[in-house]
Amino acid sequence: MRRGMYILPSLFTAGNIAAGYYAISQAIQGSVSLPFHFDNAAKAIGFAVVFDGLDGRIARMTNTTSDFGRELDSLADVITFGVAPAILAWIWGCHQLSELWQPDLRRKMIQVGAIATFLFLIAGASRLARFNITKNPQPKNPGRPGRKYFVGMPIPAGAAMIAATVHFGDGAPIDRWWQTALWLVFILLISYMMVSTWRFWSPKGIDLRTRQPFWGFILICGAICLVWFFSEYFLFSLCLLYLVSGVLARFAYAIHRRPPASPPTYEPESGVDMA
């Protein structure tokens, strides 16, 4: 600590932590009558995804990477992309069931929800730990050589999927038991995607310091406009497409993978005793 710390990337990491804390505070205030708190929590997680992408990129571009920054970033990710979305998913998806609807079954649904969201949290933390200690991870379904991929869906993408789903409905919570059941299955699916060894596309392969095609600039401008005017639909579709892309890439590899060539077999010559 006496050597100091790099301020610029750490400021974005601090913004990441602040967004996670704000998301938690908003999630615990949400209810059926106050759904905007849930929507605010989802938006905060969305901003945190941006901060998380900027701190590492800025650190690499300005040559200010450090062990302290990496550790701080990992701790921030556990809070913002682990604890915050888990609490949001639990309260938004389980706690708003009607009080008059079978109290015993409602209590069990809340308990199952607590287990499912905890598994999301522990899966995200495990994903971060694996990412930190692995030097050159290789997915089960290798992609094109020269391109960068994540092994397993990164935890910011998992948190963004939860936040985008909440934002898609303007924060209106789930109030039917079958919707809660589907929500918990979806949470478990996201959790598995994070701890899997499947290939997911990594935006780290995009180098902003080099010349890019002109159509890339047009796409970025179009995406900003879509986020501004149709954020609920665009962000949900984008996150869902990212999740599905990893699943499709895995199944496509399994279908097109050639079985290993079996070693040749030799038949004994006629009249030779093989005993």
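Before reading on, note that the structure itself is shown above.
From a predicted model like this one, the values you see are computed outputs, not experimental measurements.

1. A look at the packing of aromatic side chains
Alright, step 1. Taken as a whole, this structure holds seven aromatic pairs when the rule is applied.
Alright, step 2. Seen in terms of ring centroids, Phe168 and Tyr233 are 5.7 Å apart; in terms of plane orientation they differ by 90°. Their pairing is edge-to-face. Of this pair, Phe168 sits in helix α5 (residues 155–168) while Tyr233 sits in helix α7 (residues 214–256), and the two are 65 residues apart along the sequence.
Alright, step 3. Judged by relative accessible area, which is 38%, Phe168 ranks as partly exposed.
Alright, step 4. Pairing Tyr192 with Trp198 gives two aromatic rings, centres 5.8 Å apart and planes at 85°, and the pair type is edge-to-face.
Alright, step 5. Each residue in the set Trp92, Trp183 and Phe186 is aromatic and connected to the rest through ring pairs, giving one cluster.
Alright, step 6. Arg199 extends its terminal NZ or CZ atom over the ring of Tyr149, reaching a point 5.1 Å from the ring centre.

2. Comments concerning the packing of helix α3 (residues 67–93) against helix α4 (residues 103–133)
Alright, step 1. Here α3 crosses α4 at 165°, and the two axes come no closer than 9 Å. Judged by the angle between their axes, α3 and α4 are roughly antiparallel. Viewed along their axes, α3 and α4 form a crossing whose handedness is right-handed. In this structure, α3 contributes Ser74, Asp77, Val78, Phe81, Gly82, Val83, Pro85, Ala86, Ala89 and Trp90 to the contact, and α4 contributes Ile110, Gly113, Ala114, Thr117, Phe120, Leu121, Leu128 and Asn132.
Alright, step 2. The residue makeup of the contact of α3 with α4, split by class, is 12 nonpolar, five polar and one charged.

3. Details of a nonpolar patch on the surface
Alright, step 1. A contiguous nonpolar patch, built from Phe168, Leu226, Trp228, Phe229, Phe230 and Tyr233 and spanning about 760 Å² of accessible area, is present on the exposed surface.
Alright, step 2. Looking at the nonpolar patch, the element that brings in the most residues is α7, giving five residues.
Alright, step 3. Mapped onto the secondary structure, Phe230 falls in helix α7.
Alright, step 4. By relative accessible area, Phe230 is classed as partly exposed at 47%.

4. Describing the pattern of salt bridges
Alright, step 1. As enumerated under the stated definition, the model contains three salt bridges in all.
Alright, step 2. We note a salt bridge from Lys43 to Asp39, for which the minimum N-O separation is 3.6 Å. Of the two residues, Lys43 and Asp39 are both situated in helix α2 (residues 36–61); the distance of four residues between them amounts to about one turn of the helix.
Alright, step 3. By relative accessible area, Asp39 is classed as buried at 9%.

Cut-offs and rules
Residues numbered from 1 in each chain as written. Predicted model: local features only at pLDDT ≥ 70, side-chain atom pairs only at ≥ 80, totals over all residues. Heavy atoms only, no water. Phe/Tyr/Trp six-rings, centres within 6.5 Å; stacked < 30°, edge-to-face > 60°. Helix = DSSP H or I, 4+ residues; strand = E, 2+ residues; numbered from the N terminus. Buried < 20%, exposed > 50% of the residue type's maximum accessible area, 1.4 Å probe, protein only. Lys NZ or Arg CZ within 6 Å of the ring centre and 35° of its normal. Axes fitted to C-alpha atoms, helices over the stretch in contact; angles between N-to-C directions. Parallel < 35°, antiparallel > 145°, perpendicular 65-115°, else oblique. Left-handed = near helix turned anticlockwise from the far one by under 90°. Contact = heavy atoms within 4.5 Å. Nonpolar A, V, L, I, M, F, W, Y, C, P; charged D, E, K, R; others polar. Patch = residues over 30% accessible without salt bridge, like charges linked within 9 Å, V, L, I, M, F, W, Y side chains within 5 Å. Areas by Shrake-Rupley, 256 points an atom, 1.4 Å probe, with all protein chains shown as cover. Salt bridge = Lys/Arg side-chain N within 4 Å of Asp/Glu carboxyl O.

Nothing here speaks to function; it is all geometry.
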